[in-house]
Amino acid sequence: VIELMALCDQLEKARAEREAARDMFTLSTLAKLNTPDPETYEDDARFALANLAPLTNRPDQIKLLRQTILNLAVRGKLVEQNVADEPAANLVRRIHRPIQDINQSLRLKAPKLPLLSEDQVPFKLPVGWCWARFTELGALGRGRSKHRPRNDPALYADGEHLMIQTGDVARSKGLIQTHTAKYNDVGLAQSRLWPKGTLCITIAANIADSGILDFSACFPDSVVGFVPVPCFENARYFEYFMRTIKADLLTFAPATAQKNINLDILMQVMIPMPPLAELHRIVAKVDALMTLCDQLEASITTGEQTRSRLLEAVLHDVLEPA
């Protein structure tokens, strides 16, 4: 037993050293992608993508990998650029009318925002990209729930209009498929029905969580909705972008027990916009890489379960009398 315990100590030490080395390897590799060097970026990216398995041995490492993929996506480092693609600025200039139509359908007022200046932008964009704000790309507004108290049974009796809360957004993992309650016609009249495909962003309780509605739904003013113009096909690029700036948005929340940001802050958020064709390529690439991350997470879980079953079998053979 003494010999075996000593061996166990050696194995534990070796494993700890291996994990520490793996952590350093993962952090240094992904750090090169999060702060790319133009001269070495292609080699760094090729190395990271060729070594996904050793870079992602634990769930927390896969979470870091997901964030790295999204950071690269919104900086124009994930897919090839095509000089033939129409510049994003041209698209932004010509979608004013579709935005007005969406605002009218949702009974929202379009704000007048000051022009962006070069000294405001967070980083340099690739050729053909431009900076834009939510209200220049679609309709942005807060949810609504005017009636008090909000839990008045008169709003919900025999309800059929779905209603979500911040918790549904927080748990969504990007796609909102749960609802909290159902409004009846009385409840709907004091709220606002947002269409399927709306990007929801929480501005209270869980700050800057995001998810896309998988159904038409109402939500209170603790959630902001964004409906992009139809040419974007869906809000996936914008939902991916929100994940990259969540930590930055939290810095705008006041230091109170109930942290919150407001609609004005979201209106000022600058979004790196690629040409439309490239945007679609980015979304397709990110979707594929997120699926790969899901598979990596599943393989880790499966591996742990397999090791657990093997350990139980070994202990059974050792402890049970022959």
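Up top is the structure.
Residues numbered from 1 in each chain as written. Predicted model: local features only at pLDDT ≥ 70, side-chain atom pairs only at ≥ 80, totals over all residues. Heavy atoms only, no water.

In this section: a nonpolar patch on the surface. A cluster of nonpolar side chains, namely Val1, Leu4, Met5, Leu7 and Leu11, defines an oily patch on the protein surface of about 530 Å² accessible area. Relative to the elements of secondary structure, leucine 7 occurs in helix α1 (residues 2-34). (Patch = residues over 30% accessible without salt bridge, like charges linked within 9 Å, V, L, I, M, F, W, Y side chains within 5 Å. Areas by Shrake-Rupley, 256 points an atom, 1.4 Å probe, with all protein chains shown as cover. Salt bridge = Lys/Arg side-chain N within 4 Å of Asp/Glu carboxyl O. Helix = DSSP H or I, 4+ residues; strand = E, 2+ residues; numbered from the N terminus.)

As a further point, take the side chain of glutamate 278. The residue glutamate 278 is located in helix α11 (residues 276-319) in this model. Arginine 281 provides the closest opposite charge to the buried, salt-bridge-free glutamate 278, at an N-O distance of 4.4 Å. Within the structure, the side chain of glutamate 278 is placed 2.7 Å from the side chain of glutamine 81, a separation counted as a polar contact. The contacts of glutamate 278, once residues within four sequence positions are left out, are Gly76, Val79, Glu80, Gln81, Asp85 and Trp129. (Buried < 20%, exposed > 50% of the residue type's maximum accessible area, 1.4 Å probe, protein only. Lys, Arg positive; Asp, Glu negative; His and termini not counted. Polar contact = N/O pair within 3.5 Å; in protein donor to acceptor, adjacent residues only side chain to side chain. Contact = heavy atoms within 4.5 Å.)

Side chains that differ in charge, positive against negative, can pair when their charged atoms come close. Considering all chains together, one arrives at twelve salt bridges under this definition. Between arginine 18 and glutamate 19 there is a salt bridge; the shortest N-O distance is 3.2 Å. Overall, arginine 18 belongs to the partly exposed group, its relative accessible area being 43%. For the salt bridge of aspartate 101 with arginine 97, the shortest nitrogen-to-oxygen distance reads 3.3 Å. Of the two residues, aspartate 101 and arginine 97 are both situated in helix α6 (residues 96-106); the distance of four residues between them amounts to about one turn of the helix. For arginine 97, a relative accessible area of 56% corresponds to the exposed category. Each member of the salt-bridge network shares a partner with another, and the members are Arg66, Asp294 and Glu297.

Next up on the list: the layout of surface pockets. If a probe the size of a water molecule is rolled over the atoms, the empty space left behind becomes visible. Volume-wise, the largest pocket comes out at about 980 Å³. For the lining of the largest pocket, the secondary structure elements donating two or more residues are α4 (59-73), α7 (166-170), β4 (174-176), β7 (210-213), α9 (236-250) and α11. Here the lining of the largest pocket takes six residues from α9, the largest share from any one element. When grouped by side-chain class, the residues that make up the lining of the largest pocket number ten nonpolar, six polar and twelve charged. (1 Å grid on protein atoms, 1.4 Å probe; cavity = no way out; pocket = protein on both sides within 12 Å on 5 of 7 lines; lining within 4 Å. Points joined across faces, edges and corners; volume = space filled by probe spheres on them. Nonpolar A, V, L, I, M, F, W, Y, C, P; charged D, E, K, R; others polar.)

A separate point is the packing of aromatic side chains. This model, assessed by the stated rule, comprises seven aromatic pairs. Here tryptophan 194 and phenylalanine 219 contribute two aromatic rings whose centre-to-centre distance is 5.1 Å and whose plane-to-plane angle is 20 degrees, an arrangement assigned as stacked. Taken together, the residues tryptophan 194 in the loop between α8 (185-189) and β6 (199-202) and phenylalanine 219 in the loop between β7 and β8 (223-228) connect sequence positions 25 residues apart. Pair check on accessibility: tryptophan 194 and phenylalanine 219 agree, each one buried. Across from the ring centre of phenylalanine 123, 4.4 Å away, lies the NZ or CZ of arginine 75, which sits over that ring. (Phe/Tyr/Trp six-rings, centres within 6.5 Å; stacked < 30°, edge-to-face > 60°. Lys NZ or Arg CZ within 6 Å of the ring centre and 35° of its normal.)

Covered by surrounding structure in β6 are Leu199 and Ile201 together with Cys200 and Thr202, the residues of both alternating faces. In this sheet, β8 lies alongside β6 in antiparallel orientation, the contact comprising four bridges. Across the sheet, residue cysteine 200 finds its bridge partner in β8, namely glycine 225. (Pairing = 2+ DSSP bridges.)

Once that is clear, we can look at unusual backbone geometry. Leaving glycine out, the prevailing phi sign among residues is negative, and the prevailing peptide bond configuration is trans. That bond from arginine 148 to proline 149 is cis: its omega, 0 degrees, falls within 30 degrees of zero. When you line up the elements, proline 149 lands in the loop between β2 (138-142) and β3 (161-163). A positive phi is found at arginine 107, a non-glycine position, where the angle reads about 60 degrees. In the Ramachandran plot, lysine 173 falls in the positive-phi region, its phi being about 55 degrees despite a non-glycine side chain. Within the secondary structure, lysine 173 sits in the loop between α7 and β4.

Let us now look at the sheet that holds β6. One open sheet accounts for five strands, arranged β2-β8-β6-β7-β4; its pairing is mixed. In the strand order of this sheet, the two ends are held by β2 and β4, each with one partner. Strand-to-strand twist in this sheet, taken as the mean axis angle between neighbours without regard to direction, amounts to 30 degrees. Here β4 runs beside β7; their pairing, made up of three bridges, is parallel. For glycine 174, the partnering residue across the bridge sits in β7 and is glycine 211. Strands in contact with α6 are β2 and β8; relative to β2, the strand with the most contacts, it is inclined by about 30 degrees. Sitting on the sheet, α9 is in contact with β4, β6, β7 and β8, with an inclination near 165 degrees to β7. (Axes fitted to C-alpha atoms, helices over the stretch in contact; angles between N-to-C directions.)

Once that is clear, we can look at empty space enclosed by the protein. Tallied over the full model, the rule gives one cavity of 30 Å³ or more. Roughly 30 Å³ of volume is contained in the largest cavity. Considering the residues around the largest cavity, the lining is formed by Ile99, Asn103, Lys109, Ala110, Pro111, Thr135, Gly138, Ala139 and Leu140. Among the secondary structure elements, those contributing two or more residues to the lining of the largest cavity are α6 and β2. In terms of residues, the lining of the largest cavity owes the most to one element, β2, which gives three residues.

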